[in-house]
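Chain residues, written in single-letter form:
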Amino acid sequence: MKAVVFIGGINQHNQPRGGEEAKNQKLVKYLKSLNRPCHSIDTHNWKRRFVRVCLSLGIYVLGQRQKKIIISASDESAYKLLKLLKLFRVLRRNEVHYFVIGGDFARQLAKHQHRLSIYKALTGIYPESRAMVEEAKALGLPNLRHVPNFREVPPPVLKTQLTEEGIIHFIYLARITPDKGSDLLLEACEYLNKKGFASKYKVDFYGFFHPDPDQYQERFSARLMQSTNVTYKGFLDVNTIAGFQALFYYDVLLFPTYWATEGYSGTLIDALSAGIPAIASDWNYNSELVQDNYNGKLIAPKNAQALAKAMQTMITEPDCVLELSAKAFESAKAFDIKDLLGQTVFAND
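The structure contained in this document is the topic of the report that follows. (Residues numbered from 1 in each chain as written. Predicted model: local features only at pLDDT ≥ 70, side-chain atom pairs only at ≥ 80, totals over all residues. Heavy atoms only, no water.)

**A few points about the overall build of the protein chain**
- A count of helical and extended segments in the protein chain gives 14 helices and 11 strands.
- Taking 2.2 N^0.38 as the reference for a compact globule, 349 residues should give roughly 20 Å; the C-alpha atoms of the protein chain span a radius of gyration of 21 Å, in line with that estimate.
- On the principal axes, the C-alpha backbone points of the protein chain span a range of 65 × 45 × 40 Å.
- Out of the 349 residues belonging to the protein chain, those deemed buried represent 54%. (Helix = DSSP H or I, 4+ residues; strand = E, 2+ residues; numbered from the N terminus. Rg over C-alpha atoms; globule rule 2.2 N^0.38 Å. Buried < 20%, exposed > 50% of the residue type's maximum accessible area, 1.4 Å probe, protein only.)

**Points about helix α3 (residues 75-87)**
- In this model α3 runs 18 Å from its N-terminal to its C-terminal C-alpha over 13 residues, within 8% of the 18 Å that 1.5 Å per residue would give.
- Looking at α3, one finds that the buried residues are D75, A78, Y79, L81, L82 and L85.
- The first or second residue beyond α3 is R89, which carries a positive phi of 60°. (Expected span 1.5 Å × (residues − 1).)

**Looking at the nonpolar core**
- Membership of the largest hydrophobic core comes to 92 residues, with the highest contact counts inside it found for I71, F170 and M311.
- Broken down by element, this core gets its largest block of residues, seven residues, from helix α12 (residues 304-316).
- Those residues in contact with I71 that sit more than four places away from it in its chain are I7, A78, L81, L82, L85, V96, H97, Y98 and F99.
- Grouped together as the second largest cluster of nonpolar side chains are 17 residues, V4, F6, I70 and Y126 included. (Core = buried A, V, L, I, M, F, W, Y, C linked by side-chain atoms within 4.5 Å. Contact = heavy atoms within 4.5 Å.)

**Some details on the sheet that holds strand β9 (residues 252-255)**
- Sheet architecture is open: six strands sit in the order β8-β7-β6-β9-β10-β11, paired in parallel fashion. At either end of the open sheet lies a strand with only one pairing partner, and these are β8 (230-232) and β11 (296-299). Neighbour-to-neighbour, the strand axes of the sheet open up by a mean angle of 20°, direction not taken into account.
- Its contacts with the sheet place α12 against β6 (168-173), β7 (201-206), β9, β10 (278-281) and β11, and it is angled at close to 160° to β11. (Pairing = 2+ DSSP bridges. Axes fitted to C-alpha atoms, helices over the stretch in contact; angles between N-to-C directions.)

**Comments concerning the layout of surface pockets**
- By volume, the second largest pocket is sized at about 440 Å³.
- Around the second largest pocket, the lining comprises 18 residues; the ones closest to its centre are K29, E152, V238, N239 and T240.
- Contributing elements (two or more residues each) for the lining of the second largest pocket: α1 (19-32), α10 (241-247) and α11 (266-273).
- Here the residues of the lining of the second largest pocket are counted per class, giving five nonpolar, seven polar and six charged. (1 Å grid on protein atoms, 1.4 Å probe; cavity = no way out; pocket = protein on both sides within 12 Å on 5 of 7 lines; lining within 4 Å. Points joined across faces, edges and corners; volume = space filled by probe spheres on them. Nonpolar A, V, L, I, M, F, W, Y, C, P; charged D, E, K, R; others polar.)

**Brief notes about the environment of A138**
- Residue placement: A138 occurs in helix α7 (residues 130-138).
- Expressed as a C-alpha distance, the spacing of A138 and A110, which sit 28 residues apart in the sequence, is 9.6 Å.

**A few points about the packing of aromatic side chains**
- Scanning all chains against the criterion turns up 18 aromatic pairs.
- Measuring from ring centre to ring centre gives 6.1 Å for Y206 and Y250, while their planes differ by 85°; the resulting arrangement is edge-to-face. Residue Y206 is found in strand β7, and its partner Y250 is found in the loop between α10 and β9; the two are separated by 44 residues along the sequence.
- Look at Y216 and F220: their rings are 6.0 Å apart centre to centre, the planes differ by 40°, and that puts the pair in the tilted class. (Phe/Tyr/Trp six-rings, centres within 6.5 Å; stacked < 30°, edge-to-face > 60°.)

**Points about α11**
- Burial analysis of α11 places eight of its eight residues in the buried class, which makes it a mostly covered element.
- Where α11 is buried, its residues touch α1, β6, α10, β9, β10 and α13 (318-332).
- Capping the start of α11 is the job of one residue whose side-chain oxygen sits 3.1 Å from the backbone nitrogen of T267: S265.
- Immediately beyond the C-terminal end of α11, within one or two residues, lies G275, with a positive phi of roughly 75°. (Polar contact = N/O pair within 3.5 Å; in protein donor to acceptor, adjacent residues only side chain to side chain.)

**A look at the environment of L34**
- Mapped onto the elements of the fold, L34 is located in the loop between α1 and β2 (38-42).
- What makes L34 partly exposed here is its relative accessible area of 21%.

**Some remarks on the pattern of salt bridges**
- According to the stated counting rule, one finds 10 salt bridges in the structure shown.
- One salt bridge connects K233 with D204, and the closest N-O pair in it is separated by 3.1 Å. Of this pair, K233 sits in the loop between β8 and α10 while D204 sits in strand β7, and the two are 29 residues apart along the sequence.
- Among the residues examined, D204 registers a relative accessible area of 9% and is labelled buried.
- Salt-bridge contacts for E330 lead to K333; the nearest nitrogen and oxygen are separated by 3.4 Å.
- On the basis of relative accessibility, which here comes to 44%, the residue E330 falls in the partly exposed class.
- Ionic contacts of the salt-bridge type, sharing partners, join the residues K2, K68 and E95 into one network. (Salt bridge = Lys/Arg side-chain N within 4 Å of Asp/Glu carboxyl O.)

**Some details on a nonpolar patch on the surface**
- Taken together, the side chains of W46, F50, V51, L55 and I59 define a hydrophobic patch exposed on the protein surface, amounting to about 540 Å² of accessible area.
- Considering the arrangement of structural elements, one finds I59 in helix α2 (residues 50-60). (Patch = residues over 30% accessible without salt bridge, like charges linked within 9 Å, V, L, I, M, F, W, Y side chains within 5 Å. Areas by Shrake-Rupley, 256 points an atom, 1.4 Å probe, with all protein chains shown as cover.)

Okay, structure coming up:
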């Protein structure tokens, strides 16, 4: 039985501040539950922890053999690390598995095709999107397999009624920034309230704000106060049992992102796992997770009117929410971490 070494940004024992840390915390938790030797090297904030990270690499990776090394990082960070592993011949002596973070891997590979030789030396590369797999295959990379973002998918608890009769409870669960759709959502809410729907729905925002040189948080908060049915609730850590259970309170997720490197969103998977359909922008790889009128609704990106229209449909046709919720549970089965790792990293054990 080969020992496992995990390398990636974890920020262990703290709330994850983004999709990479959320995914990696779940991955490390699962790996540590296995009955086998396992060590994790946390690259979070590595510049301040440079000596410690280098010592861990020296002890657990460089010079080692017959180990399963798992890397979960953005393409740029992973490539820099892989160059180091190639220099020390780690790639020859160990299984090396790379879980791609974000949606930019194939595009960067197309720009820097000299990287292909290093990536070809890996045991397996696992982009989160089917489209990204095909894009990378077209560049000549053979060792690919589609592995979506994953979760510990709980047993389904079918939603048979809305949270509150006559009111749809929407949730926004992402960084609070215009590129994630926060301003679009505020605009959609303002439109719906002017049309007389203010008493028919509520929206709760959860998420961190980016570093704020242009005082966006202040402007966002001032705009938020103009709507009595829209609230900012801070951060919701769905990695905890209490945080995940809080999702069951909501009826619909709102995900109007147009973030340039949006990948295979863990937020969408969390919502589906809780039986919550999503209204999501048809942006990057969202359509691989949300099928229009099956487990949610897809809308045109950067379009507040399209968002408002989809929200209005949910408000005026509540039975539609329950139908989509049932399909959301079915969709979530494809993201179970035990099945996905059993078919890839541990397939030959």
